[in-house]
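If you want the building blocks of each chain, they are given just below.
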Amino acid sequence: MRIIFMGTPQFAVASLDALIKAGCDIVAVVTAPDKPAGRGQKLNQSAVKQYADANGIKVLQPEKLKAPEFIAELEALKADLQVVVAFRMLPEVVWNMPPKGTINLHASLLPQYRGAAPINWAIINGEKESGVTTFFLKHDIDTGDILFTEKVTLTGNETAGDLHDRLMNKGAGLLVKTVKGIESGRYHEHPQEELAEGIELKHAPKIFKADCLIDFGQPAERVYNLIRGLSPVPTAYTMLNDKILKIYAATHEPGEPGIYPGGFITDNKTKLKFATADGFISVTDVQLEGKKRMGIEEFLRGNKL
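Residues numbered from 1 in each chain as written. Predicted model: local features only at pLDDT ≥ 70, side-chain atom pairs only at ≥ 80, totals over all residues. Heavy atoms only, no water.

So, the overall build of the chain
Stage number 1. Each helix and strand counted, the chain has 10 helices and 15 strands in total.
Stage number 2. Projected onto its principal axes, the C-alpha coordinates of the chain cover approximately 65 × 55 × 30 Å.
Stage number 3. Across the 305 residues in the chain, those meeting the buried criterion constitute 50%.
Stage number 4. Taking the intrachain contacts of the chain between residues at least 6 apart in sequence as the baseline, contacts between residues at least 24 apart amount to 64%. (Helix = DSSP H or I, 4+ residues; strand = E, 2+ residues; numbered from the N terminus. Buried < 20%, exposed > 50% of the residue type's maximum accessible area, 1.4 Å probe, protein only. Contact = heavy atoms within 4.5 Å.)

Topic: the environment of Ala-220
Stage number 1. Tracing the backbone shows Ala-220 in helix H9 (residues 220-229).
Stage number 2. With sequence-adjacent residues up to four places away left out, Ala-220 is seen in contact with His-252, Glu-253, Thr-276, Asp-278, Phe-280 and Ile-281.

Examining the nonpolar core
Stage number 1. The biggest cluster of nonpolar side chains holds 42 residues, and the ones touching the most others in it are Phe-5, Leu-19, Ile-26, Val-83, Ile-103 and Val-179.
Stage number 2. Looking at this core, the element that brings in the most residues is helix H6 (residues 160-184), giving 10 residues.
Stage number 3. Every residue in contact with Ile-26, bar those within four places of it in the chain, is listed here: Ile-3, Phe-5, Leu-16, Leu-19, Ile-20 and Ile-57.
Stage number 4. Counting residues in hydrophobic clusters, the runner-up holds 32 residues, among them Ala-117, Leu-226, Leu-230 and Met-294. (Core = buried A, V, L, I, M, F, W, Y, C linked by side-chain atoms within 4.5 Å.)

Some thoughts on the UniProt feature "domain: Formyl transferase C-terminal" (unreviewed entry) in the chain
Stage number 1. Following the UniProt record, the feature "domain: Formyl transferase C-terminal" (unreviewed entry) maps to residues 206-303 here.
Stage number 2. Between the end C-alpha atoms of residues 206-303 there is a gap of 34 Å, over a span that is 21% helix and 38% strand. (UniProt positions renumbered as here; feature names shortened; annotations may be inferred.)

Side note on the sheet that holds strand S8 (residues 129-136)
Stage number 1. If you walk across this open sheet you meet the seven strands as S5-S2-S1-S6-S7-S8-S9, and the pairing is mixed. The outermost strands of the open sheet, each flanked by one partner alone, are strand S5 (59-60) and strand S9 (146-153).
Stage number 2. The sheet contact formed by strand S1 (residues 2-7) and strand S6 (residues 81-85) spans five bridges and is parallel. Counterpart to Gly-7 in the pairing with S6 is Val-85.
Stage number 3. Against the sheet, helix H1 (residues 10-21) makes contact with S1, strand S2 (25-30), S6 and strand S7 (102-106), and its axis sits at roughly 165 degrees relative to S1, the strand it touches most. (Pairing = 2+ DSSP bridges. Axes fitted to C-alpha atoms, helices over the stretch in contact; angles between N-to-C directions.)

What about the pattern of salt bridges?
Stage number 1. According to the stated counting rule, one finds 11 salt bridges in the structure shown.
Stage number 2. Where Glu-253 meets Lys-273, a salt bridge forms, and the shortest distance between an N and an O atom there is 3.2 Å. With Glu-253 in strand S11 (residues 243-254) and Lys-273 in strand S13 (residues 272-275), the pair connects residues that are 20 residues apart, well separated along the chain.
Stage number 3. Look at Lys-273 and you get buried, because its relative accessible area is 18%. (Salt bridge = Lys/Arg side-chain N within 4 Å of Asp/Glu carboxyl O.)

Quick look at the environment of Ala-122
Stage number 1. Along the chain, the position of Ala-122 falls in helix H5 (residues 118-124).
Stage number 2. Owing to a relative accessible area of 3%, Ala-122 belongs among the buried residues under this scheme.
Stage number 3. The spatial distance from the C-alpha of Ala-122 to the C-alpha of Asn-225 is 9.4 Å, given a sequence separation of 103 residues.
Stage number 4. Beyond its immediate sequence surroundings of up to four residues, Ala-122 is in contact with Tyr-113 and Glu-127.

A few points about the packing of aromatic side chains
Stage number 1. If you walk through the whole model with that rule in mind, you get three aromatic pairs.
Stage number 2. Both rings, one in Phe-216 and one in Phe-274, keep their centres 5.1 Å apart while their planes meet at 15 degrees; by these two values the pair is stacked. Of this pair, Phe-216 sits in the loop between helix H8 (209-212) and H9 while Phe-274 is found in strand S13, placing the two residues 58 residues apart along the sequence.
Stage number 3. Chaining the aromatic ring pairs together yields one cluster made of Phe-216, Phe-264 and Phe-274.
Stage number 4. The aromatic ring of Phe-280 is capped on one face by Lys-273, whose charged end is 4.5 Å from the ring centroid. (Phe/Tyr/Trp six-rings, centres within 6.5 Å; stacked < 30°, edge-to-face > 60°. Lys NZ or Arg CZ within 6 Å of the ring centre and 35° of its normal.)

Details of the layout of surface pockets
Stage number 1. The computed volume of the largest pocket comes to approximately 1,200 Å³.
Stage number 2. Around the largest pocket, the lining comprises 36 residues; the ones closest to its centre are Ala-86, Phe-87, Gly-115, Ala-116 and Ala-117.
Stage number 3. Residue assignment for the lining of the largest pocket shows that the elements contributing at least two residues are S7, H5 and H6.
Stage number 4. Tallied by class, the residues present in the lining of the largest pocket amount to 22 nonpolar, eight polar and six charged.
Stage number 5. Reported here for the second largest pocket is a volume of approximately 290 Å³.
Stage number 6. If you trace the second largest pocket, you find 18 residues lining it, with Leu-109, Leu-110, Gln-112, Tyr-113 and Glu-129 closest to the centre.
Stage number 7. Elements represented by at least two residues in the lining of the second largest pocket include exactly H5, S8 and S9.
Stage number 8. The element that contributes the greatest number of residues to the lining of the second largest pocket is S9, accounting for three residues. (1 Å grid on protein atoms, 1.4 Å probe; cavity = no way out; pocket = protein on both sides within 12 Å on 5 of 7 lines; lining within 4 Å. Points joined across faces, edges and corners; volume = space filled by probe spheres on them. Nonpolar A, V, L, I, M, F, W, Y, C, P; charged D, E, K, R; others polar.)

What follows is the structure in structure tokens.
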């Protein structure tokens, strides 16, 4: 099959690499346009573009997915199948073009956690399992018929970064399985509507800065899950002496705090603990506004509280 691959970040590169190593015919990749970044505003290429360039694969970078010239380029490639991993929402004229359809890899066990941030929300909500799903695209986002899924068990201590890497690799393997299944005709479609019957669906909307502010009035385990679910990006934070303190890692402990939620206890050497509704959050990896990220001992050496 002639395949067009659509994706942008590092998460998508693992899938693209797996497809190529499995012998799939990737005739082009579609990725985000180069964007200026940093102080020098140097043009920054997406991870997918860098990989494609290094492997001699044609690259398309449309500003607008409905642009007539882009649609014409896609049609000229005569793809049998399109594969989407961590890209933006496609218009119907694009996803409905190939005769075998367009498939998507999503980092959750659909129909749970539809949306932009499934990895983050699964950890924030303290889930015991997660996984990856492949499905055919249709009109409403993340709602198409499911093809294959693969589960992973969560420990309750991993960060969003840890889960990202696990699902990136699991998803790459699942995508190869899916493409080979479509090529051979050995697959079944499972409507999400049937799977969603009688269960409460959890969603994974885009995360904004307001979502990252820690509410220490919550139980310690919920605060701990928020910190894990937002690490390393976009990162949970609190205010310390009128400055933003990002918290990348912490532990939690039960107990009667004895001080108001958000109040802290420190020995100014190795420990900084914030009180919650039912215990403490002991921070271990932080970044104060205007400073570099550092372990708690280094932080306390330079910041007497």
